[in-house]
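One-letter residues, chain by chain:
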Amino acid sequence: MENTFQIPYASTGSFGAIFLDYLNEEQKLKPFYTYSPNISSFESIIANRKKQSINRDVLLQVLKEQYQHIDASELSLQNIAALANENTFTITTGHQLSLFTGELYFIYKIITCINLAEKAAAANPGNKIVPVFWMASEDHDFEEINHASIAGTTFEWKAKSGGAVGELATSGIDQIIDSIDHYLGNQAGKEKIIQLFKLAYTEQKSLAAATRILVNELFKQYGLVIIDANHPLLKKGFAEIIRSDIFEQNSFQKVTETNALLEKQYPIQVNPREINFFYLSENTRSRIIQSETGFETADQKNQFSEAVLIAELQQSPEKFSPNVIMRPLYQEFILPNLAYLGGPGEMAYWLQLKSTFAHYQIPFPMLAWRNSFALTNQKQMKTIEALLPSIESIFKPLQELIDAYVTTHSQNILSLDSEQQIIKEQIQVIQTKLQSIDQTLLASSAAASTKISNLLNGLAQKMLKAEKKNHTVAIQQIEKIKNAFFPNGILQERQDNFSFWYMHHESFIQLIKNNSEPLNKHFTVLAID
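What comes next concerns the included structure. Throughout this document, residue positions are counted from 1 along each chain, in the order its sequence is written. For a predicted model such as this one, the threshold for reporting local features is a pLDDT of at least 70, and the threshold for listing and counting side-chain atom pairs is 80 or more; totals across whole chains, interfaces and linings nevertheless cover every residue. Based on all heavy atoms of the structure, the side-chain values leave hydrogens and waters out of the count.

**Details of the overall build of the protein chain**
Working definition: helices are DSSP H or I runs of at least four residues, strands are E runs of at least two. Numbering for both runs from the N terminus. Along its length, the protein chain carries 22 helices and 15 strands. Projected onto its principal axes, the C-alpha coordinates of the protein chain cover approximately 90 × 60 × 50 Å. Residues classed as buried in the protein chain amount to 53% of the 529 residues present. For the protein chain, the share of sequence-separated contacts (at least 6 apart) that also reach a separation of at least 24 residues comes to 76%. When the accessible surface of the protein chain is split by element, carbon and sulfur atoms take 49% of a total near 24200 Å². Only four residue types enter the tally: Lys and Arg on the positive side, Asp and Glu on the negative side; His and the chain ends are excluded. For charged residues, the charge sits on one atom: NZ in Lys, CZ in Arg, CG in Asp, CD in Glu. For the protein chain, the separation between the mean place of its 46 positive charges and that of its 56 negative charges on side chains is 3 Å. Each residue gets one of three labels from its accessible area relative to the maximum for its type: buried under 20%, exposed over 50%, partly exposed in between, using a 1.4 Å probe on protein chains only. Residues are treated as being in contact if the distance between any of their heavy atoms lies within 4.5 Å. Each accessible area is a Shrake-Rupley result for a 1.4 Å probe, and residues are judged covered by the shown protein chains and nothing else.

Okay, here's the thing in structure tokens:
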């Protein structure tokens, strides 16, 4: 049994202005996207997508190759086969190859994507819509993915990295799994998570292969299709756009123009570079930059004349890796995609890209957001109801929650507001007398007033501090609640791994799926038995 509580995103104070304005479809943002984020929009998205062909043969060839040694579900295999059909489309989400999936929102992303695909398909009979997970295997930010916080402890994978993380060997992860096994002791459900991690990470040679196995095991029953786009056949089809963007710097120009408009109202999420591609070589992913003789990589290990760069692109397109600006265009170029589903930060940078898509005549998808959850249990919910004024108040600062509780439950009057008012009135009487004698004395009276007010405020704080000693147990419970929702001061979904909840709830993935409502404009607090 579970209970859900819906809180408007704006009331949490945890999400940025551009994300909130997009949810509310504010007029000032509408020039930066194509489709309203509603199920009813899919009819026109599908009609427009049908006008844009993709190389479905290559897509199927790559997916079949990547699924050769995977224990895929029949539904996932059917979805892959269906991509040969012109009436089959995708809804995509993507993420870095975070160790053990990283934070909880990794799970929420994929589940929301699956549910959105199901809902869009139901609203558009005659069309099949496949949920796709895009593995960010070309990313090189190892420090962002090499750890996971499990049951309050962070486990870190230390390895040498510099190139595409998907190619990293999984050596050393087996020792981390052993450490997790030891740390969890005899907790119920531990074996389930340990066996899952071992299946993924100790039987696969690369991080990309391990992540594919892990994600497949968690979501295969829902027909999820997983793609690693770091593949020469897929890059070959995109090569002309790579060439054009490197030599003409189109994305740099278009995004720079868009940023000039957006930055009048919002912080800019990403800034373009003149060249928005990296060059991949063994254990290295380095930016391509212009040089006096043509081009080179930022680490200066590779130099190219214009002719040599073009030849390299033709012969080895897989060595050219798009950055955050061009990766979305690459994705939409190779997939028959209707919507991209991401987090608030991703929504922000996608809104910078519409004109670049238009330049390359690639359809700009609907932008959808993942659901956000805070997980708790029924016992903790009862404590929240007893100690806090509302579920929503959990998003307020800790000290504000404690002060409010102590003030409300104290048998003493902890405020000196009435006394402050009396003194203020008396000072006004004094100032009237002073003014009649000497106008210059008013400055002294104002300084005295401020000093008295500060003294009374200090006394009120001391009264509150003394009273808190009478509510130690309740304060400790409030601190425990706050830490559960904001471990280490970070929103739970951005800090904790799914393992703890997966261990203790046999149908955890299905439970989240049951409570995930695509395009929901509320943050969900989910209390689980």
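This is not the end of the story, as more comes after the structure.
**Things to note about the pattern of salt bridges**
Each reported salt bridge corresponds to a side-chain nitrogen of Lys or Arg within 4 Å of a carboxyl oxygen of Asp or Glu. Going through the model one piece at a time under the given rule, you end up with 14 salt bridges. Two residues, D21 and K28, come together in a salt bridge whose shortest N-O distance is 3.6 Å. Using a relative accessible area of 14% as the deciding quantity, one classes D21 as buried. For K109, the salt bridge is made with E346, and the minimal N-O distance between the two is 2.8 Å. Of this pair, K109 sits in helix α6 (residues 104-123) while E346 sits in helix α14 (residues 344-350), placing them 237 residues apart in sequence. Just as K109 is buried, E346 falls in that class too. Beyond isolated ion pairs, a larger network of salt bridges with shared partners links D71, E217 and K220.

**Looking at the packing of helix α10 (residues 232-248) against helix α12 (residues 306-315)**
Lines fitted to C-alpha atoms define the axes here, with helix axes fitted over just the stretch in contact, and angles between the N-to-C directions of these axes take values from 0 to 180 degrees. In the contact formed by α10 and α12, the axes pass within 10 Å of each other and the chain directions differ by 155°. Between α10 and α12, the angle falls in the class roughly antiparallel. Read as a crossing pair, α10 and α12 show a hand that is right-handed. Within the contact between the two elements, α10 uses A239, I242, R243, I246 and F247 and α12 uses E306, L309, I310 and L313. Polar here means any residue other than Ala, Val, Leu, Ile, Met, Phe, Trp, Tyr, Cys and Pro, which are nonpolar, and Asp, Glu, Lys and Arg, which are charged; Gly is therefore polar. Broken down by class, the residue content of the contact of α10 with α12 amounts to 7 nonpolar, no polar and 2 charged. Put simply, angles under 35 degrees are roughly parallel, angles over 145 are roughly antiparallel, angles from 65 to 115 are roughly perpendicular, and the rest are oblique. Take the far helix as your reference; a near helix turned counterclockwise from it by less than a right angle gives a left-handed crossing, and one turned clockwise gives a right-handed crossing.

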